[in-house]
Amino acid sequence: MSKNKQLDAWVSEMATMCQPDAVVWCDGSSAEYDRMLHVMEQSGTAIRLDEGKRPHSIYVRSDPADVARVEEFTFICSMSKDDAGPTNNWKDPAETKAILTPLFTGCMKGRTLYVIPYSMGPIGSPIAKIGVELTDSPYVVASMHIMARVGTKVLDVLGEGEFVRGLHSVGAPLEKDGQPDTPWPCNAKTKYICHFPETREIMSYGSGYGGNALLGKKCHALRIASVQARDEGWLAEHMLILGITNPEGVKKYIAAAFPSACGKTNLAMLQPTVPGWKIETIGDDIAWMKFGADGHLYAINPEFGFFGVAPGTSLKSNFNAMKAIERNTIFTNCALTPDRDIWWEEMTDTPPAELTDWLRRPWTPASGRKTAHPNARFCAPASQCPVISREWEDPKGVRIDAILFGGRRATVVPLVNEALSWQHGTFLGSIMSSETTAAAAGAVGALRFDPFAMLPFCGYHMGDYFGHWLKIGAKADPARLPRLFNVNWFRKGADGKFLWPGYGENSRVLKWVFERVAGTGKAVDTPIGRLPAPGSLDLAGLSVPPSAMDQVLKVDIEAWLAELPAVRAHYEKFGDKLPQGLKDELAALEKRLQGAGAKV
Ligand code: SAT
Ligand code: MN
C-alpha cells in the first residue's frame, strides 16, 4: 500500500488479472536485495560466486532462447500508426490490450508479484522521473536494485504524483501446486515488449532479459521518456556521459551516442593515454538533458548501475569496469570457473584450463567455441566505478559542452569530424549507421542506419525526432549549445585490421574535442565537416604509422558520393516528416562533395 490512490488501484487491478500467490511491495533495503539473491539460489536461477573471489555476487544463466533484446517483438502502441513512424513496429493500443489481457490473466500463478517503485535519476532531481514496475521475477527485482534507485524513499517523493506504469511477467505460471520451476522461467513461444506512449504504460511479457525486462532502462528511460522529452522540450538519449579534465584542471562534460555493444561503457571509463588528462564517468548508457536557466544543456544519468557487455572486458580494455564488478555484481551468461568465479572471452590473455560455459557444458580452450554468450552482461552499482565523477548524482546534472555520434564503420567514416552547425550535426546524427551487434537478437555485422543510436529506442516517429533536435537547436543560443561531432573508432585498412587502436587512445580524440570547445584546437574544413588540422591531434607516443593515420582521417570523396543513394533511401522512409533542414543539409553535402570531386 502507498499514499498514492492511483498506484494502489493499479496494483490491485494488475494483481487481480495476474493472480500471483502474493504481492510484495519492495522497500529497496539491502536485506530485500539479499532475500532476492537467496530466492534465486533456492530456485536454481543463480549460483553464489566464491565469497573470497567475488564477494556478494551471483552467476545466472538465462534460457538460450532469452539472451538479448527482441526488436521484432517490441511495439510502440501509439493511438495513431503515424506517430510510431517507419522505424518502429506499431500495434493499435486497444487491439494490443486485447491480445495482452488473456496472456497476463493468471500469468503469475504460483509466483510473487513484486511492486518496485523506482526513480530514474537522483531522487527528487528536477530532471528525474518516477515509475513503478510490477514483476514476477526476483532477478528483475535484484537487477532493478542495482540499475535504479528503488523502494520506499521513491514512494515518499512520489506522493500523489504521476508515474510510469510498467507491468512485467516472465510469462511462465506455475499452474499446479508443487510444479517445479525452471532455472530461468520465460516464455519461449510468446514475447511482447509493448509501450503505450500516450498513457505512459509499458507491458512486457515472456522475457526475463535485460532491456526487455528491466523496464526502467530502455522501455522507460528511452522509449517513453523520448516522447515525454518531445512533449516537454528536452532530450532523452542513448548516450554515455563523461567528464574530461585537462592538465590545468579545467573540466568539461561530453555525451556520446553509440549503438548497443559499441563501446559506450569503455569510453565512459577510459584511462587516458595522454599524460595529465583525466576522464571520469557520469553514465554509460542513457542521458537526459534539459536546458538550465543559463541556456546551457544539463545532463543527468537516469540510471544507478551499469548493465555492460562482459566479453572483451579486461584489465587492459576497461580497467575501471573490472574494478567496478569486483563485488556486489550480477553476472549473466558468462562462463563459470571450477572455483566459482566468472570468465569470458578476452578477460585474461590465457583462458582457464577448464570452465563450464554459459550453456552449462564443460569447456576447455580446445572446445573451439565461445564460452560466454556474446551478449553476456555484468550488472554492477555505478558507485563502485573507481572513476565515477563527484557530480554523477548532482540533481541539476552536468553542463554538456560536446556531443559525439559514433557507430561501427569499417569504411568511409573518419576518426573524428566536427559538425559545421547544430543543424549539420543533427544531419550527421540522422545518417549514423553501424554494423549490428549481439545486443539484439538477429544477424551480427550487418550495416544498418541507426540514427542517433536510437533506432531501437525512439518511442515516436523518427522524422519528428529529427525535427525535435532541430527545434532544440533553434530555440537555444548557438554559443551555449554543445558542439556536435561524429567519431568512428572502427575503420579498417585493406588488410581488414582496425587502423586505430581505440580504448585509452581515444583520449587523443577527446582531447581534440575538448580543445575545439575551448577554442584552441585547430581544424580544417572538408566537404563532410571539420577534421583535425595537421598536427592538432595529439599523437605523441602513439605507434600508429603515418600512412594508417592518413587512412583513418581520410575523407574519401568517392566513397561518400557512393553512400548518398543509401542515405537518400533512408531519408525517403520518413516521407513528409523529414525536416526541410535535413534535406538542405543532404543537398549541401552533395554539392560540396561534387565540388571536391571535380577538383581531383
Ligand atoms: O539489454 S539492454 O537493452 O539493456 C542493453 C542494450 O542493448 O543496450
Ligand atoms: Mn544501450
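Our subject is the structure that appears above.
Every value quoted in this text rests on a predicted model; they were computed, and no experiment measured them.

A. The overall build of the chain, seen in detail. In terms of helices and strands, the chain carries 16 helices and 31 strands. For 600 residues, the compact-globule formula gives about 25 Å, and the C-alpha radius of gyration of the chain, at 24 Å, lands near that figure. Over its C-alpha atoms, taken along the principal directions, the chain stretches across nearly 80 × 55 × 45 Å. Evaluated residue by residue, the chain yields a buried proportion of 61% over its 600 residues. Long-range contacts, defined as pairs at least 24 residues apart, comprise 74% of the intrachain contacts of the chain with a sequence gap of at least 6.

B. The site of ligand 1, seen in detail. Looking at ligand 1, the residues that line it are Arg 69, Gly 210, Gly 211, Lys 217, Lys 218, Ser 260, Phe 307, Arg 377 and Ala 439. Arg 69 is positioned such that a nitrogen or oxygen atom in its side chain is 2.8 Å from an oxygen atom of ligand 1. Here Lys 218 contributes a side-chain N or O atom positioned 3.0 Å from an oxygen atom of ligand 1. Summarising the interface, the protein chains cover 98% of the accessible area of ligand 1, which totals 250 Å² for the free molecule. For the shell around ligand 1, the secondary-structure elements that each account for two or more residues are helix H7 (210-213) and helix H8 (216-232). The class makeup of the residues in the shell around ligand 1 is two nonpolar, three polar and four charged.

C. Highlighting the packing of aromatic side chains. Using the criterion set out here, one finds 24 aromatic pairs in the structure. Aromatic pair Phe 304 and Trp 392: ring centres 5.9 Å apart, planes at 25 degrees, arrangement stacked. In this pair, Phe 304 sits in the loop between strand E17 (297-300) and strand E18 (305-309) while Trp 392 sits in the loop between strand E24 (377-381) and strand E25 (398-406), placing the two residues 88 residues apart along the sequence. Given a relative accessible area of 7%, Trp 392 falls into the buried group. Ring geometry for Phe 331 and Trp 344: centres 6.0 Å apart, planes at 40 degrees, overall tilted. Separated by 13 residues along the polypeptide, Phe 331 in strand E19 (residues 330-332) and Trp 344 in the loop between strand E21 (342-343) and strand E22 (355-356) bring together distant segments of the chain. Across the pair, exposure class does not vary: Phe 331 and Trp 344 are buried alike. Clustering of aromatic rings is evident, with ring pairs tying together Phe 405, Trp 422, Phe 452, Tyr 460, Tyr 465, Phe 466, Trp 469 and Phe 574. Here the guanidinium or amino end of Lys 290 rests over the ring plane of Trp 234, the centre of that ring lying 5.1 Å away.

D. The pattern of salt bridges, seen in detail. Following the criterion strictly, the structure yields 37 salt bridges and no others. A salt bridge links Asp 285 to Lys 217; its shortest N-O distance comes to 2.8 Å. One end of the pair, Asp 285, is in the loop between strand E15 (278-283) and strand E16 (287-291); the other, Lys 217, is in helix H8, with 68 residues separating them in the sequence. A relative accessible area of 8% places Asp 285 in the buried class. Classification of Lys 217 as buried rests on a relative accessible area of 5%. A salt bridge links Lys 396 to Asp 394, with the shortest nitrogen-to-oxygen separation between them at 3.1 Å. You can call Lys 396 exposed: its relative accessible area is 53%.

E. Representation of the sheet that holds strand E2 (residues 46-48) in the model. The five strands lie next to each other as E2-E3-E19-E24-E18, forming an open sheet whose pairing is mixed. Sheet topology places E2 and E18 at the edges, where each strand pairs with a single neighbour. On average, each strand axis in the sheet is tilted by 20 degrees relative to the strand beside it, whichever way the strands run. As paired elements, E18 and E24 share five bridges and run antiparallel to each other. When the bridges of E24 are listed, Gly 308 appears paired with Phe 378.

F. Region of interest: the coordination of the manganese ion (ligand 2). Within the first shell, the manganese ion (ligand 2) binds the protein through Lys 218 (NZ), His 238 (NE2) and Asp 285 (OD), at distances of 2.0 to 2.2 Å. For the manganese ion (ligand 2), all donor residues lie on one chain, and their spacing in sequence is K-x19-H-x46-D. Here the residue Lys 218 occupies a position in helix H8, and Asp 285 occupies one in the loop between E15 and E16, the gap between them amounting to 67 residues. Here Lys 218 falls in the buried class, since its relative accessible area comes to 5%.

G. Broad picture of the nonpolar core. Counting 130 residues, the largest nonpolar core has Trp 288, Trp 344 and Trp 469 as its most contacted members. The contacts of Trp 344, once residues within four sequence positions are left out, are Ala 310, Pro 311, Gly 312, Thr 313, Met 322, Ile 325, Phe 331, Cys 334, Ala 372 and Phe 378.

H. Focus on helix H2 (residues 30-43). With 14 residues, H2 extends 20 Å from end C-alpha to end C-alpha; this agrees with the ideal 20 Å at 1.5 Å per step. Turning to H2, its buried residues are Glu 32, Tyr 33, Met 36, Leu 37 and Met 40. Down the axis of H2, the buried side of the element spans an arc of 145 degrees, and every buried residue falls inside it. Contacts made by the buried residues of H2 are with strand E1 (22-25), E2, strand E3 (58-60), strand E6 (112-120), helix H5 (138-147) and E19. Directly after H2, the chain includes Gly 44, whose backbone phi takes a positive value near 85 degrees.

I. Here's a closer look at the side chain of Arg 409. By the element assignment, Arg 409 lies in the loop between E25 and strand E26 (416-418). Judged by relative accessible area, which is 4%, Arg 409 ranks as buried. Here the side chain of Arg 409 touches Ser 433 through a polar contact of 2.7 Å, side chain to side chain. Apart from the residues lying within four places of it in its own chain, the contact partners of Arg 409 are Ser 433, Ser 434, Glu 435, Leu 447, Asn 488, Phe 490, Arg 491 and Glu 563.

J. Spotlight on the environment of Glu 95. As for its placement among the helices and strands, Glu 95 is situated in helix H4 (residues 93-104). A residue is classified by how much of its surface remains accessible, and Glu 95, at 55% relative accessible area, is exposed. Put simply, Glu 95 and Thr 105 are 10 residues apart on the chain and 16 Å apart in space, counted from C-alpha to C-alpha.

How each quantity is defined
Residues numbered from 1 in each chain as written. Chains lettered and ligands numbered in written order. Predicted model: local features only at pLDDT ≥ 70, side-chain atom pairs only at ≥ 80, totals over all residues. Heavy atoms only, no water. Helix = DSSP H or I, 4+ residues; strand = E, 2+ residues; numbered from the N terminus. Rg over C-alpha atoms; globule rule 2.2 N^0.38 Å. Buried < 20%, exposed > 50% of the residue type's maximum accessible area, 1.4 Å probe, protein only. Contact = heavy atoms within 4.5 Å. Near = heavy atom within 4 Å. Polar contact = N/O pair within 3.5 Å; in protein donor to acceptor, adjacent residues only side chain to side chain. Areas by Shrake-Rupley, 256 points an atom, 1.4 Å probe, with all protein chains shown as cover. Nonpolar A, V, L, I, M, F, W, Y, C, P; charged D, E, K, R; others polar. Phe/Tyr/Trp six-rings, centres within 6.5 Å; stacked < 30°, edge-to-face > 60°. Lys NZ or Arg CZ within 6 Å of the ring centre and 35° of its normal. Salt bridge = Lys/Arg side-chain N within 4 Å of Asp/Glu carboxyl O. Pairing = 2+ DSSP bridges. Axes fitted to C-alpha atoms, helices over the stretch in contact; angles between N-to-C directions. Donors = N, O, S within 2.8 Å, 3.2 Å for Na, K, Ca; no water. Core = buried A, V, L, I, M, F, W, Y, C linked by side-chain atoms within 4.5 Å. Expected span 1.5 Å × (residues − 1). Arc of directions from axis to C-beta.

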